[in-house]
Amino acid sequence: MPTGPPLKMTHNEQQKAIIAAFKHAWQAYKEYAWGKDELKSVSHRSSTWFNLGLTLVDSLDTMWLMGLTEEFNEARNWVAHSMVIAQTKDVNLFETTIRVLGGLLSAYHLTKDNMFLEKASDLGDRLLHAFGTSSNIPFSDVNLYTLKPHAPKWGPDSSVSEVTSIQLEFRDLTQLTGTKKYQEAVDKVMETVQAQARSHNLVPQFINAQTGRLSSGTLTLGSRADSYYEYLLKQWLQSGKTEDKFRNWYLDSVQGIQEVLLSHSEPNKLTFIGEKRGRFSPKMDHLVCFIGGVLALGAHHGLPSSHLELGKELTYTCWQMYERMATGLSPEIVYFNTSPDKTDDITVKANDRHNLLRPETVESFFVLYRLTKDQRYREWGWKIFQAFEKYTKLPNGGYTSINNVQDTQNPGYRDKMESFFLGETLKYFFLLFCDDDTVLSLDEWVFNTEAHPLPIWTK
Ligand code: DMJ
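These lines cover the structure that appears in this document, whether it is placed above or below. (Residues numbered from 1 in each chain as written. Predicted model: local features only at pLDDT ≥ 70, side-chain atom pairs only at ≥ 80, totals over all residues. Heavy atoms only, no water.)

## Let's talk about the nonpolar core
Ranked by internal contacts, the top residues of the largest apolar core, which has 149 residues, are Val79, Phe131, Phe170 and Met284. Broken down by element, the residue count for this core peaks at ten residues, all from helix H4 (residues 93-111). (Core = buried A, V, L, I, M, F, W, Y, C linked by side-chain atoms within 4.5 Å. Buried < 20%, exposed > 50% of the residue type's maximum accessible area, 1.4 Å probe, protein only. Helix = DSSP H or I, 4+ residues; strand = E, 2+ residues; numbered from the N terminus.)

Put into structure tokens, the structure is as follows:
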């Protein structure tokens, strides 16, 4: 695949519609929130989280992929001339790594524009100060100017997914710069977590950055644990399938998921992944829907074909989480019914009815479509895209997360357009309808957990 200026290719009707959606989102961001982290799409204001132009940096490679030259160049110039990294601002290590560092690294790989690598190295150097603990486990937050790290405001623990889903990016930075410190820091995290591996290699949600100890907590593939499992497989892939410890840890985890967390609903026997803290709970976050694509990707790279079948079953369940809602959009969390006397497989609690424009299901559709060419993934994807258009698109620009996927009359606008809607959701829609498998080939690239492609190492 050529690198350099934004990609030029012929677009089909669906891709044209997805590019139009991106432009609709981008135009509003540009008008009301330029250089800010996120657009408040209803009130036409902006919100600040890390003050790093989150949406702009998250969108760079999407614009490159869609061939949006003018928009890409404008954003590139903002990064080159207006982005301030050394500022007195506490940032979350994980979110900044996956969205900003990942976004800069992908932009560099796709364009070979050195400016992106310089920014990425500066940011990586500063983020590295979060690792200033004796335990090898980083604090969740670090100040980009004073370089002081600290635990989150709500307690002493870091999230397990957060400390174990920054590895692809820091390892890539070492590969690019030849400087070992980045990879060494994140490799030590993996060793520290694995040294405490419990049966089945399932991890709880929290780890103490002072002691380095995994705490008790819920076993889940949802919030605060999800991308731990994703990065086990993807670190093996990134290494060109040479660092087999990652494959082995991943295989143990998949077995653990099957033995401890997998179940089937009634009456339609939907396969789902629940949670366990003492007792099993049939609760599944939408976040879990990344796993179908990951399982399929592993099978494509030589892991058991049963993983592909499981990935398909779970992705069908995720589709049902959309199809069974009045708006055609999934809620944030569902509960599956496991007793034979009820009629509905899926229940949604009042507090869980929101949709944040998340990407995970479309991400799995993309991977499964690439690998199987089963047209159903495109049909389902197109229906979901249309539901986003109908219920989250704002006539005056931008998209918004909504409060209630079960209410077509009043879905309740939340006034927030997440950066991952442009960075991930629209990118995966676009790739789902891409007819050319050499574009970001799954044999040459590995996507970080924010959909930023990084190359698979060849040496
Ligand atoms: C994104 O920031 C990433 O995909 C992360 O892994 C999970 N949360 C959001 C999207 O849902």
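Once you've had a look at it, read on.
## Notes on the sheet that holds strand S3 (residues 90-92)
Pairing in this open sheet of three strands is antiparallel, and the strands run S3-S4-S5 from one edge to the other. Each edge of the open sheet carries a strand with a single partner, namely S3 and strand S5 (149-150). Those strands touched by H4 are S3 and strand S4 (141-143), and its axis lies near 70° from that of S3. (Pairing = 2+ DSSP bridges. Contact = heavy atoms within 4.5 Å. Axes fitted to C-alpha atoms, helices over the stretch in contact; angles between N-to-C directions.)

## Structural notes on empty space enclosed by the protein
Taken as a whole, this structure holds three cavities of 30 Å³ or more when the rule is applied. Contributing to the lining of the largest cavity are 15 residues, with Lys234, Leu297, Val367, Leu442 and Phe447 lying nearest its centre. For the lining of the largest cavity, the secondary-structure elements that each account for two or more residues are helix H9 (226-238), helix H11 (291-300), helix H13 (360-372) and strand S15 (445-447). Taken together, the residues of the lining of the largest cavity sort by class into eleven nonpolar, two polar and two charged. (1 Å grid on protein atoms, 1.4 Å probe; cavity = no way out; pocket = protein on both sides within 12 Å on 5 of 7 lines; lining within 4 Å. Points joined across faces, edges and corners; volume = space filled by probe spheres on them. Nonpolar A, V, L, I, M, F, W, Y, C, P; charged D, E, K, R; others polar.)

## Considerations on the sheet that holds strand S13 (residues 333-336)
Ordered by their spatial adjacency, three strands build an open sheet running S12-S13-S14, and the pairing between neighbours is antiparallel. Either end of the sheet is taken by a strand with one partner, and the two such strands are strand S12 (283-285) and strand S14 (346-347). In terms of strand pairing, S12 meets S13 through three bridges, oriented antiparallel. Looking at S13, one finds that Met284 is bridged to Val334. Strand contacts of helix H12 (residues 305-323): S12, S13 and S14, with the helix running at about 110° to S13, the strand carrying the most contacts.

## Considerations on the layout of surface pockets
Taken as a whole, the largest pocket holds about 950 Å³ of empty space. What lines the largest pocket is a set of 41 residues, and nearest its centre among them are Trp49, Phe94, Glu95, Arg99 and Glu162. Of all the secondary structure elements, the ones that give two or more residues to the lining of the largest pocket are S3, H4, helix H6 (160-163), H9, S12, H13 and helix H15 (419-432). Looking at which element gives the most residues to the lining of the largest pocket, the answer is H4, with four residues. In the lining of the largest pocket, the residues fall into 13 nonpolar, eight polar and 20 charged. The space that makes up the second largest pocket amounts to roughly 230 Å³. Lining the second largest pocket are His109, Asp172, Gln175, Leu176, Asp443, Glu444, Pro455, Ile456, Trp457, Thr458 and Lys459. At three residues, helix H7 (residues 167-177) tops the list of elements feeding residues into the lining of the second largest pocket. Its residues assigned to classes, the lining of the second largest pocket comprises four nonpolar, three polar and four charged.

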